[in-house]
Protein chains: 2
Amino acid sequence: MFSQTVEYALRAVVHLADRSPAPQTTDQIAAATLVPKAYLSKVIQGLCRAKIVQSKRGVGGGVALVKSPSELTILDVVNAVEPIARIRHCPLGLKTHGVRLCPLHRRMDNALASVEDAFRQTTLAEVLAEPTQSHPLCEQRTKTKTR
Amino acid sequence: MFSQTVEYALRAVVHLADRSPAPQTTDQIAAATLVPKAYLSKVIQGLCRAKIVQSKRGVGGGVALVKSPSELTILDVVNAVEPIARIRHCPLGLKTHGVRLCPLHRRMDNALASVEDAFRQTTLAEVLAEPTQSHPLCEQRTKTKTR
DNA sequence: GGATAATCGGATACACATATCCACTTTCCA
DNA sequence: TGGAAAGTGGATATGTGTATCCGATTATCC
């Protein structure tokens, strides 16, 4: 239900948050997130245009978050690359009623709203801070001290 | 976020439920739901294989629901044409931990679960029974008595 | 200022979702 | 028994998401 692009964008941003505020090169992000490098660069370009990250060319350059992980929600990232398509008017396009949705589409939109809400309520900092055995992104880099 | 196919399938099934238990021809369904007729027939074939509807050829034939609207949930229909892809293991494929999801994917899966739950809790009968000015599918066929 | 490191943007390839068309089969009924 | 109504399945087109490649551009360091 979530596109590959959204998945990749989230992985990249979570990795950047994990290393924040140090910039990471596309190569580094690709290696850590297991995202195809060439495609990742396109996804990052999108995040760049949406002002989620900023990039810097040349030696020592790379990509870094614009805001701090505690100020950035999952929804911010998702909306940047592929906004959740809420149903705002009848998909059949009939004008027999204005903005009012029929019961079917009302329920579909409610489901979309619940996803939006869940994503809006979680910051990247929270994702990283969560106590768990599995580090975000499931990298090998496990915390050996806890086990 | 929901594919066209899912949208079309739901429209078709809601229309069938609305006319239940009378069978409807593909032409009739297409006209009522504003779904491209040729594509709709493919979608219906899928619903047929999933035993959501049954079809009958020849004069007087058509498509009808297998179960009654009160026994059929939105989730049943969605799962028939394009099951909600829950995240059951780490998308990165690493085996550093078993079935445990990292915080990021845990949250994404929770969002999917909330959609699944919402769809599981609604039967087609409920969609049709809901008191509203706008009839399901937003058809012209409005209830003129309420306004 | 030249070598190197890095992103940017265009061109292209490929797979899959969406959509259309048509010949074929089944079923009913006159 | 023949014709009309209706779904079935295959072939094909089209669009979009995913993915790759590479030359151009920018920035840093020596």
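Data block above holds the structure.
Every residue gets a number counted from 1 within its own chain, in the order that chain's sequence is written. Each chain is given a letter, starting from A, and each ligand a number, starting from 1, according to the order in which they appear as written. Totals for whole chains, interfaces and linings use every residue, but because this is a predicted model, local features are given only for residues with pLDDT of at least 70 and side-chain atom pairs only at 80 or more, for both listing and counting. Each side-chain value is worked out from all heavy atoms of the structure, with water and hydrogens disregarded.

Visitor: A description of the interface of chain A and chain B should follow, citing residues and the corresponding values.
Guide: Here a residue-residue contact requires only that any non-hydrogen atoms of the pair lie within 4.5 Å. If you look at the interface, chain A gives 44 residues, while chain B gives 44 residues. Here chain A packs against chain B, burying approximately 4200 Å² in sum over the two surfaces, 72% of which is carbon and sulfur. Every case where a carboxyl oxygen of Asp or Glu lies within 4 Å of a side-chain nitrogen of Lys or Arg is listed as a salt bridge. Taken together, chain A and chain B are joined by zero salt bridges. In protein, a polar contact means a hydrogen-donor-capable atom and an acceptor-capable atom, both N or O and within 3.5 Å, with residues adjacent in sequence counting only if both atoms are side-chain atoms; elsewhere, any N or O pair within 3.5 Å suffices. At the junction of chain A with chain B, the criterion picks out five residue pairs in polar contact (both at pLDDT 80 or more). When residues of the side of chain A that touches chain B are traced back to their parent elements, those giving at least two are helix H1 (4-19), helix H2 (26-33), helix H5 (103-120) and helix H6 (124-129) of chain A. A run of H or I in DSSP counts as a helix once it spans at least four residues, and a run of E counts as a strand once it spans at least two, with each numbered from the N terminus. Considering each element in turn, the side of chain A that touches chain B owes the most residues, ten residues, to H5 of chain A. Gly is placed with the polar residues, together with every amino acid not listed as nonpolar (Ala, Val, Leu, Ile, Met, Phe, Trp, Tyr, Cys and Pro) or charged (Asp, Glu, Lys and Arg). Here the side of chain A that touches chain B is composed, by residue class, of 25 nonpolar, twelve polar and seven charged. We define buried area as the total accessible area lost by two parts upon association, computed with a 1.4 Å probe and summed across both.

Visitor: Can you lay out the nonpolar core for me, pointing to particular residues and giving the numbers?
Guide: Think of a nonpolar core as a cluster: buried Ala, Val, Leu, Ile, Met, Phe, Trp, Tyr and Cys residues, connected wherever their side-chain atoms sit within 4.5 Å. With a 1.4 Å probe rolled over the protein chains alone, any residue whose accessible area is under 20% of its type maximum counts as buried; one over 50% counts as exposed, and the rest are partly exposed. By size, the foremost hydrophobic cluster in this structure holds 84 residues, and its most contacted members are Leu 104 and Phe 119 of chain A together with Leu 104 and Phe 119 of chain B. Non-local contacts of Phe 119 of chain B, meaning those with residues more than four positions away in its chain, are made with Arg 107, Met 108 and Ala 111 of chain A together with Phe 2, Thr 73, Ile 74, Leu 75, Val 78 and Ile 84 of chain B.

Visitor: I'd love a proper account of the relation of the copies chain A and chain B, names of residues and values included.
Guide: What sets the superposition is a least-squares fit of C-alpha atoms, and only residues with pLDDT of at least 70 in both copies go into it. Mapping chain A onto chain B calls for a screw motion: a turn of 180° about the axis and a shift of 0.0 Å along it, with 0.1 Å RMSD after fitting. Taken together, the rotation and translation relating the two chain copies correspond to the operation of a two-fold axis. Distance from the rotation axis, computed per C-alpha, reaches its smallest value in chain A at Met 1 of chain A: 3.1 Å. When the interface residues of chain A are mapped onto chain B, 100% of them again fall at the interface, so both copies present the same face.

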